[in-house]
Amino acid sequence: MSVLRFRPTNSFMSIQPKSIIVGTAGHIDHGKSTLVEALTGTHPDRLEEEKRRGITIDLGFAFLEEEGVRFGFVDVPGHERFVKNMLAGTSGIDIVLLVIAADEAIKPQTREHFDICRLLGVKRGVIALTKIDLVDGDTAELVRLDVEEFVKGSFLEGAAIVPVSAATGAGLPALKQALQWAASEIGEREAARYFRLPIDRSFAVKGFGTVVTGTLISGSVAAGDEVELLPARMVLRVRGIQTGGETVERGEAGQRTAVNLSGVEHTAVHRGMVIATPGRFPKTRRVDVRLELLPSGQKLKHRARVHFHAGTAETIGEVYLQEKTELVPGESALAQIRLREEVVAVRGDRFIVRQFSPVITIGGGEVLDPLARRLARKDTGRAAFLETMRRGSREEILRAMTERNALGLTAEEIVARTGWLETDVRAAALNLGQSKTIRVVSKEPLILLSERLFTEISQRLIARVERFHKENPLVPGMPREELRASLGRRVRTETFRAALQELVEQRKLDASGELVKKPGAEIQLTPEEQRAKEQIEQAFAKAGLTVPSVKEVLAQLSIESRRAEKILQILLREKALIRVSPELVFHSRALDSLAGLLRDYKKAKGERIGVPAFKELTGITRKYAIPLLEHLDRLRLTHRAGDERVIL
Ligand SMILES: Nc1nc2c(ncn2[C@@H]2O[C@H](COP(=O)(O)OP(=O)(O)OP(=O)(O)O)[C@@H](O)[C@H]2O)c(=O)[nH]1
Ligand SMILES: [Mg+2]
């Protein structure tokens, strides 16, 4: 990768070779890098220090294309001090090439690397017995038996064990053949997922700028795409892509990929960051996981600190065990890990934990929920929920997620937690909506609520309206906004709308206009209130246009002012009384006859009328005349023209 050229090539190959990532593993000096060179022609050690000391320190890369398979090799250091580099290289590999020197057999990092591969969920592998030229046939056979015993019961049981010598070239064709077989058993990568590439290197190339490399673990990326750098949350443009040293239009899952990015300095990007489809992946500092401890390791106490490795990222975590005070070697349990720095993770991602000090690999596991809830003292559903997250079908997981989400789940949130495509989320959601276990509260934006919660909210709405009627017998209904607010902020407006709409359709509530009421709810007046109502109306009817003040009228009633005010409201709502100004209320009949007077005036004297003439016509003082004229203007019965009114 020393000479990077990002010029377009015309690819005339119609059949894409299958891309497979092979990661080496094994003890220091057992011949990993030498073997990679013997297979590919490229020595993976690139650092000056590596060459001087003859050991691998950081990850190295090489490529081999044979029989329609493009192998990308990730060569890792065997030195115990560099296991963390090994971890960054091993996440995302398809096949492990476990290297065991025939003259030394199984050593500590043989075990540790093998454990790591197991915990990371590597499914296939090939075992190379290297330096076969240094031992006799019997020794070689003994080591082989040892190795067979060592991998028994693991994913490597039955894997090819190939004796090789990089010195003589013996066994190399057989090793290539074994890699081909292993590759043929690797299924399709999850190309139909969002693009994600955990970064293992970032550097600058003259004339091109920032280049990052990594194993493309899902989806694909093309030149010109926008990608998001996480956890920085910067959106950047892809200028070009290389894989296996060749410029390509598109990088696919399963390829070692170099991405030329514009918009960022290479120094701002480092191992552990991720580039991904914008807006689809969460960054998190709290993950719910299933954690497994290695049988050979130490026990782990509740709230123990560990080194946490996922993808190429590494941070410190605190382990909160689910209902356990400690986890013993060989056991597994549900746990929450709180992280010191943000990492990118989705459901199903593997991780490794290493003891805080001394630093040794003690376990690992699987992320079940990357956007984990804060731990609550009484959260009885948590264990069952996480089990469903672990093993459930897409529908079961969606149902379980909605059950534990009172606010309603959005498509974005589901995608972020599961890594599924939004189209898949929508399809599953609509399915469940039909089966009536999940309520699709809104399709755009997609909001899902459990049917149970939706029904609960509907019932709360009915109960709230009923209570309102009881507490406000003189008011015909509850203002919509007040009803919405009564649900609190833990209910989305979309949910309120959907629930209310359904209740109206079911004729359980009535929501014409701004008021919500029970169908058939009537204002119930006591005989005393009924009498007061008549008294008020009569007082205004009698007064004609020279009305008394509202206060005066209400003060004469036998009921208290709060109730009297409500009754006044009823008369206003029934339009028996009309409010003309904040202080003045008239009977509707008085206003009708005023309109009649104006019509007669217009016929007799023409359409113009001044304030003095108006006062004379109606026999009222200026105090009433001005508000009344303004009222008539608003009703468009008159129109103001200078000091006069035009009768319309
Ligand atoms: N005789 C013999 N020597 C070998 C063979 N393979 C590797 N060596 C030698 O073993 C030494 C270590 O080889 P490397 O390939 O650097 O070992 P490594 O596993 O990559 O070591 P680290 O990366 O530091 O863990 C070198 O001096 C190699 O020349 C082999 O098949 N036969
Ligand atoms: Mg090496």
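These numbers were taken from a predicted model, which means no experiment stands behind them.

Rules of the game
Residues numbered from 1 in each chain as written. Chains lettered and ligands numbered in written order. Predicted model: local features only at pLDDT ≥ 70, side-chain atom pairs only at ≥ 80, totals over all residues. Heavy atoms only, no water. Helix = DSSP H or I, 4+ residues; strand = E, 2+ residues; numbered from the N terminus. Rg over C-alpha atoms; globule rule 2.2 N^0.38 Å. Buried < 20%, exposed > 50% of the residue type's maximum accessible area, 1.4 Å probe, protein only. Contact = heavy atoms within 4.5 Å. Donors = N, O, S within 2.8 Å, 3.2 Å for Na, K, Ca; no water. Pairing = 2+ DSSP bridges. Axes fitted to C-alpha atoms, helices over the stretch in contact; angles between N-to-C directions. Core = buried A, V, L, I, M, F, W, Y, C linked by side-chain atoms within 4.5 Å. Near = heavy atom within 4 Å. Polar contact = N/O pair within 3.5 Å; in protein donor to acceptor, adjacent residues only side chain to side chain. Areas by Shrake-Rupley, 256 points an atom, 1.4 Å probe, with all protein chains shown as cover. Nonpolar A, V, L, I, M, F, W, Y, C, P; charged D, E, K, R; others polar. Salt bridge = Lys/Arg side-chain N within 4 Å of Asp/Glu carboxyl O. Parallel < 35°, antiparallel > 145°, perpendicular 65-115°, else oblique. Left-handed = near helix turned anticlockwise from the far one by under 90°.

The helix and strand inventory of the chain stands at 19 helices and 33 strands. The C-alpha radius of gyration of the chain comes to 39 Å, more than 25% above the 26 Å expected for a compact globule of 648 residues. C-alpha extents for the chain along the principal axes are approximately 130 × 55 × 40 Å. Out of the 648 residues in the chain, the part that is buried amounts to 52%. Residue pairs at least 24 apart in sequence account for 67% of intrachain contacts in the chain once pairs closer than 6 positions are excluded.

So, about the coordination of the magnesium ion (ligand 2). Looking at the magnesium ion (ligand 2), the protein donor atoms are Ser 33 (OG) and Thr 56 (OG1), and they sit 1.9 to 2.0 Å from it. Of this pair, Ser 33 sits in helix H1 (residues 32-40) while Thr 56 sits in the loop between helix H2 (48-53) and strand E2 (60-66), and the two are 23 residues apart along the sequence. Of the two residues, Ser 33 and Thr 56, both sit in the buried class.

With that out of the way, let us pick up the pairing of strand E33 (residues 644-647). Relative to E33, strand E31 (residues 608-610) runs antiparallel, the two sharing 3 bridges. By the bridge assignment, Gly 610 is partnered in E33 with Glu 644. Two elements, strand E32 (residues 638-641) and E33, share 4 bridges in a ladder whose sense is antiparallel. Paired with Thr 638 across the strands is Ile 647, a residue of E33.

Attention now moves to the sheet that holds E31. Taken together, the 3 strands give an open sheet; going across it, the order is E31-E33-E32, and neighbouring strands pair in antiparallel fashion. Every interior strand has two partners, whereas the edge strands, E31 and E32, have only one. The average undirected angle you get between the axes of adjacent strands in this sheet is 35°. Helix-sheet contacts for helix H19 (residues 622-634) involve E32 and E33, and the interaxial angle to E32 is about 110°.

On to the nonpolar core, then. One finds Ile 536, Phe 540, Leu 545, Leu 577, Phe 586, Phe 614 and Leu 628 to be the most contacted residues of the largest nonpolar core, which totals 39 residues. For this core, the elements supplying multiple residues, two or more each, are helix H14 (527-543), helix H15 (550-555), helix H16 (561-573), strand E30 (585-587), helix H17 (588-605), helix H18 (611-618) and H19. Counting residues per element, this core draws most heavily on H16, which supplies 6 residues. Not counting chain neighbours up to four residues away, the residues in contact with Phe 540 comprise Val 547, Pro 548, Val 550, Val 553, Leu 577, Val 585 and His 587. With 33 residues, the next largest nonpolar core counts Leu 59, Ala 105, Phe 150 and Ile 352 among its residues.

It is worth spelling out the site of ligand 1 at this point. Taken together, 19 residues form the shell around ligand 1, and within it Lys 32, Thr 34, Thr 56, Gly 78 and Ala 166 come nearest. Here an oxygen atom of ligand 1 sits 3.0 Å away from a polar atom, N or O, in the main chain of Gly 31. For ligand 1, whose free accessible area comes to 650 Å², the fraction covered by protein is 79%. Here the shell around ligand 1 is built from residues that sort into 6 nonpolar, 9 polar and 4 charged.

Here the focus is the pattern of salt bridges. Evaluated as defined, the whole model comprises 42 salt bridges. A salt bridge links Lys 533 to Glu 574, with the shortest nitrogen-to-oxygen separation between them at 3.1 Å. Of this pair, Lys 533 sits in helix H14 while Glu 574 is found in the loop between H16 and strand E29 (577-579), placing the two residues 41 residues apart along the sequence. Residue class for Glu 574 comes out partly exposed when judged on its relative accessible area of 47%.

Moving on: the packing of helix H7 (residues 382-391) against helix H8 (residues 394-403). Axis angle and axis distance: for two packed helices, these are the angle between their axes and the distance between the axes, and together they describe the pair. Relative orientation of the contacting elements H7 and H8 amounts to 150°, with a least axis distance of 8 Å. Regarding the angle of H7 to H8, the classification is roughly antiparallel. Judged by the twist between their axes, the crossing of H7 over H8 is left-handed. Facing H7, whose interface residues are Phe 385, Thr 388 and Met 389, H8 presents Glu 396, Ile 397, Ala 400 and Met 401. Residues that form the contact of H7 with H8 fall into these classes: 5 nonpolar, 1 polar and 1 charged.

The strand order across the open sheet formed by 3 strands is E24-E26-E25, and the pairing between neighbours is antiparallel. The open sheet has two edge strands, strand E24 (409-410) and strand E25 (438-443), and neither has a second partner. Bridge count for E25 against strand E26 (residues 446-450) is 5 bridges, and the pairing is antiparallel. Paired with Lys 443 across the bridge in E26 is Leu 446. Relative to the sheet, helix H10 (residues 422-434) contacts E25 and E26, its axis offset from that of E25 by approximately 125°. Contacting E25 and E26, helix H11 (residues 451-471) crosses the sheet at an angle of about 85° to E26.

This next bit is on the environment of Asp 133. Along the chain, Asp 133 falls in the loop between strand E5 (124-130) and helix H5 (137-151). Residue classification places Asp 133 among the partly exposed residues on the basis of a relative accessible area of 37%. A C-alpha to C-alpha distance of 42 Å links Asp 133 and Met 273, two positions 140 residues apart in sequence. Setting aside residues no more than four positions away along its own chain, Asp 133 makes contact with Ser 165, Ala 167 and Thr 168.

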